[in-house]
Amino acid sequence: MRLYLSTIDPAAGDLARRYGLGVEIASFCTAWNMDEGLSETEEELKTTLAGIDRRILHGPFNELFPCAIDPKARELARFRYRQALDLARRYGAEKVVFHGAYVPRLYFPEWYEAQSIRFWREFLQEIPEGMTVCLENVLESSPQMLLAVVQAVNDPRIRLCLDVGHANAYSEIPVMKWLEESAPFLSHLHIHNNDGTGDTHSSLREGSIPVKALLSRAWQLCPEATATLELPNCEPSICWLLEETIWKRN
């Protein structure tokens, strides 16, 4: 399994070069950085990405709802996602991560699924061959919610990103079960830990997620998937992965 570091860690570029890892670009999670902040953001990324060929891009998510009932809201999501795909091409990113965007008590699950399926079927024409869009769970309560979307869209360009920290914090279903059920459609993972009470993005050794067992099982179920350490300070977790022989340095 190929490992990446999220640029939510300011040292991601230096660490990726030192350990032979890829980078997941998080700079465009906020759409502002695709507009007014584009020049400054791209200047910063030149330094971060220098010498790193393996790249994934995390798309914007603030106020974006591909599952929206209002067509104007879906139109905004489509516009921002097009921008993200253009940036992914520019940066040579092989995958783009977008949130599923479920909001409990705002959407009935069946509405969420139906509108999401509609959106992603229509958006397929925007996704170039060779690029994968990975739908990430945030507040979804079960793996079946996004699984239903990916299965219905039925295209290899739409796959899943399992965020294990989100699953642990916002779902009553054990993270290992999320992995087992998502595995056939799983292309990417976001790895961080927490104690189950909130999305703290804690280091891999600090929390209730059995990270060693989880990653070992992921290696077996979906060896072609990629994984990003989505941590504000990645190096202690990189060292832990090496110490526990979960991952071998390239």
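The coordinates are above.
Residues numbered from 1 in each chain as written. Predicted model: local features only at pLDDT ≥ 70, side-chain atom pairs only at ≥ 80, totals over all residues. Heavy atoms only, no water.

Novice: Lay out the packing of aromatic side chains in plain terms, naming residues and giving numbers.
Specialist: Tallying each qualifying case throughout the model produces eleven aromatic pairs. Judged by centre distance (5.0 Å) and plane angle (65 degrees), the rings of Y102 and Y112 are edge-to-face. On the criterion of sequence distance, the pair formed by Y102 in the loop between β4 (95-99) and α4 (109-123) and Y112 in helix α4 is long-range, its members being ten residues apart. Residue Y102 shares its accessibility class with Y112, and that shared class is buried. Ring geometry for F108 versus W111: centroids 4.8 Å apart, planes at 85 degrees, classification edge-to-face. Overall, W111 belongs to the partly exposed group, its relative accessible area being 41%. Site record: aromatic cluster; members linked through ring pairs are Y81, F98, F119, W120 and F123. Geometry around Y4 places R54 over its ring, the cationic atom sitting 5.2 Å from the centre. (Phe/Tyr/Trp six-rings, centres within 6.5 Å; stacked < 30°, edge-to-face > 60°. Helix = DSSP H or I, 4+ residues; strand = E, 2+ residues; numbered from the N terminus. Buried < 20%, exposed > 50% of the residue type's maximum accessible area, 1.4 Å probe, protein only. Lys NZ or Arg CZ within 6 Å of the ring centre and 35° of its normal.)

Novice: I'd like a description of unusual backbone geometry, backed by residues and values.
Specialist: Even without glycine at this site, R105 takes up a positive phi of about 70 degrees. In this fold, R105 is placed in the loop between β4 and α4. Judged by its relative accessible area of 84%, R105 falls in the exposed class. The backbone phi angle of H201 is positive, close to 50 degrees, even though this residue is not glycine. Summarising the element assignment, H201 is placed in the loop between β7 (186-191) and α8 (211-221). For H201, a relative accessible area of 18% translates into the label buried.

Novice: Describe in detail the layout of surface pockets, supporting the description with residues and values.
Specialist: Here the largest pocket defines a volume of roughly 160 Å³. Contributing to the lining of the largest pocket are F61, N62, E63, L64, F65, H99, A101, Y102, V103, V138 and L139. Taken together, the residues of the lining of the largest pocket sort by class into eight nonpolar, two polar and one charged. (1 Å grid on protein atoms, 1.4 Å probe; cavity = no way out; pocket = protein on both sides within 12 Å on 5 of 7 lines; lining within 4 Å. Points joined across faces, edges and corners; volume = space filled by probe spheres on them. Nonpolar A, V, L, I, M, F, W, Y, C, P; charged D, E, K, R; others polar.)

Novice: Break down the packing of helix α5 (residues 143-153) against helix α7 (residues 175-182) for me, with residues and values.
Specialist: Two numbers describe how α5 lies on α7: the axes approach to 10 Å, and their chain directions differ by 15 degrees. Comparing their axes, α7 and α5 come out roughly parallel. Crossing of α5 against α7: the hand is right-handed. Contacts from P143, Q144 and L147 in α5 reach W178, E181 and S182 in α7. Here the contact of α5 with α7 is composed, by residue class, of three nonpolar, two polar and one charged. (Axes fitted to C-alpha atoms, helices over the stretch in contact; angles between N-to-C directions. Parallel < 35°, antiparallel > 145°, perpendicular 65-115°, else oblique. Left-handed = near helix turned anticlockwise from the far one by under 90°. Contact = heavy atoms within 4.5 Å.)

Novice: Lay out empty space enclosed by the protein with the relevant residues and their values.
Specialist: For the coordinates displayed, the defined rule picks out one cavity of 30 Å³ or more. Looking at the largest cavity, the residues that line it are L135, N137, P143, L146, L160, C161, L162, W178 and S182. For the lining of the largest cavity, the secondary-structure elements that each account for two or more residues are α5, β6 (158-163) and α7. Element by element, the count of residues in the lining of the largest cavity is highest for β6, at three residues. Within the lining of the largest cavity, the residues separate by chemical class into seven nonpolar, two polar and no charged.

Novice: Describe the nonpolar core, with residues and values.
Specialist: If you look at the biggest cluster of nonpolar residues, it comprises 77 residues, and the most contacted ones within it are W120 and L189. It is helix α3 (residues 71-91) that contributes the most residues to this core, seven residues altogether. Each residue touching W120, except ones within four places of it in the same chain, is listed here: P66, Y81, F98, V133, L135, V149, V153 and I158. Residues Y4, V97, C134 and C161 belong to the second largest nonpolar core, which totals five residues. (Core = buried A, V, L, I, M, F, W, Y, C linked by side-chain atoms within 4.5 Å.)

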